[in-house]
Amino acid sequence: MRLDDPWYDALASGWGELDGTGGFAPTAPPGAAAPVRGHSAAEIYLEVQRSEAFQEVRRRYRRFVVPATLAFLVWYLAYVVTAVTAPGLMARPVAGAVNVAMVAGLGQFLTTFLLTGAYARHARLRRDRAALDLRWDTQEMTRGIGR
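Residues numbered from 1 in each chain as written. Predicted model: local features only at pLDDT ≥ 70, side-chain atom pairs only at ≥ 80, totals over all residues. Heavy atoms only, no water.

Enquirer: Please explain the overall build of the chain as it appears in this structure.
Expert: Counting its secondary structure elements, the chain contains four helices and two strands. Reading the chain from its N terminus to its C terminus gives the helix and strand order α-α-α-β-β-α. Per-residue burial over the chain gives 23% buried out of 147 residues. Within the chain, residue pairs in contact and separated by at least 24 positions form 63% of the contacts whose partners lie at least 6 positions apart. (Helix = DSSP H or I, 4+ residues; strand = E, 2+ residues; numbered from the N terminus. Buried < 20%, exposed > 50% of the residue type's maximum accessible area, 1.4 Å probe, protein only. Contact = heavy atoms within 4.5 Å.)

Structure representation (structure tokens):
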């Protein structure tokens, strides 16, 4: 299956690999326009990957994902460790047949939904526009249009 998505990993798709003669294999998909300034598609993608705009998108992604993942893992492990080490606490009733363990377990689901919403909002407000701009610029460069 051939993907014409410019964000598809160039090296994973075989682009930029040696062709057996010591040179690089053709990098553009059949029927695609010639790349800009004599660059191959792989070179263009690597140039974009090294660009400050791309690095900023990655930094914004990591600034959200790393702390959110760590916080969620700590919350999950705290639940599991508490369930194993303090069964009396987890069995303590909160309201009727509902105990601390049930409330904390439902809190895990609630946290998952809240974190998903926060991630979608963060992506929409902080990364999507910049990533879309990069994508369009990259597509134009690989088509030979250039800016």
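From this point, the narrative continues.
Enquirer: Honestly, the nonpolar core in this entry has me stumped. Any pointers?
Expert: The nonpolar side chains of a soluble globular protein tend to be buried, and buried together. Ranked by size, the top nonpolar core spans six residues in total: Ile44, Val48, Phe54, Val57, Leu134 and Met141. Broken down by secondary-structure element, the contributors of at least two residues to this core are helix 1 (41-50), helix 2 (52-85) and helix 4 (100-143). (Core = buried A, V, L, I, M, F, W, Y, C linked by side-chain atoms within 4.5 Å.)

Enquirer: It is not clear to me how the packing of aromatic side chains should be interpreted in this structure. Could you clarify?
Expert: By convention here, two paired aromatic rings are described through the distance between centres and the angle between planes. Scanning all chains against the criterion turns up one aromatic pair. On the basis of an interplanar angle of 50° and a centroid distance of 5.9 Å, the ring pair of Phe64 and Tyr119 is categorised as tilted. Placement of Phe64 in helix 2 and of Tyr119 in helix 4 is noted, with a sequence separation of 55 residues between them. For Phe64, a relative accessible area of 17% translates into the label buried. (Phe/Tyr/Trp six-rings, centres within 6.5 Å; stacked < 30°, edge-to-face > 60°.)

Enquirer: Got a minute to help me understand the pattern of salt bridges in this structure?
Expert: Where charged atoms from two side chains of opposite charge come close, those side chains can pair. Under the counting rule described, the total for this entry stands at five salt bridges. Here Arg60 and Glu56 are joined by a salt bridge, their closest N and O atoms 3.1 Å apart. Here Arg60 and its partner Glu56 are both found in helix 2, four residues apart, which amounts to about one turn of the helix. Assessed through its relative accessible area of 28%, Arg60 is described here as partly exposed. For Asp133, the salt bridge goes to Arg129, with nearest N and O atoms at 3.7 Å. Residue Asp133 and its partner Arg129 are located together in helix 4, separated by four residues, close to a single helical turn. Owing to a relative accessible area of 36%, Asp133 belongs among the partly exposed residues under this scheme. (Salt bridge = Lys/Arg side-chain N within 4 Å of Asp/Glu carboxyl O.)

Enquirer: How should I be thinking about helix 4 in this particular structure?
Expert: In an α-helix there are 3.6 residues to a turn, and that puts residues three or four apart on one side. Along helix 4, the largest kink reaches about 55° and is centred on Arg127. Where helix 4 starts, the residue carrying a side-chain oxygen 3.2 Å from the main-chain nitrogen of Ala101 turns out to be Asn99. (Bend = angle between axes of the 7 residues up to and from the residue. Polar contact = N/O pair within 3.5 Å; in protein donor to acceptor, adjacent residues only side chain to side chain.)

Enquirer: Sorry, what's going on with the environment of Thr138 here?
Expert: In this structure, Thr138 sits in helix 4. Here the side chain of Thr138 touches Leu134 through a polar contact of 2.7 Å, landing on its backbone oxygen.

Enquirer: Quick question: what am I supposed to make of the side chain of Gln108 here?
Expert: Relative to the helices and strands, Gln108 is located in helix 4. A polar contact of 3.5 Å, which involves the side chain of Gln108, links it to the backbone oxygen of Trp75. Not counting chain neighbours up to four residues away, the residues in contact with Gln108 comprise Phe72, Trp75, Tyr76 and Tyr79.

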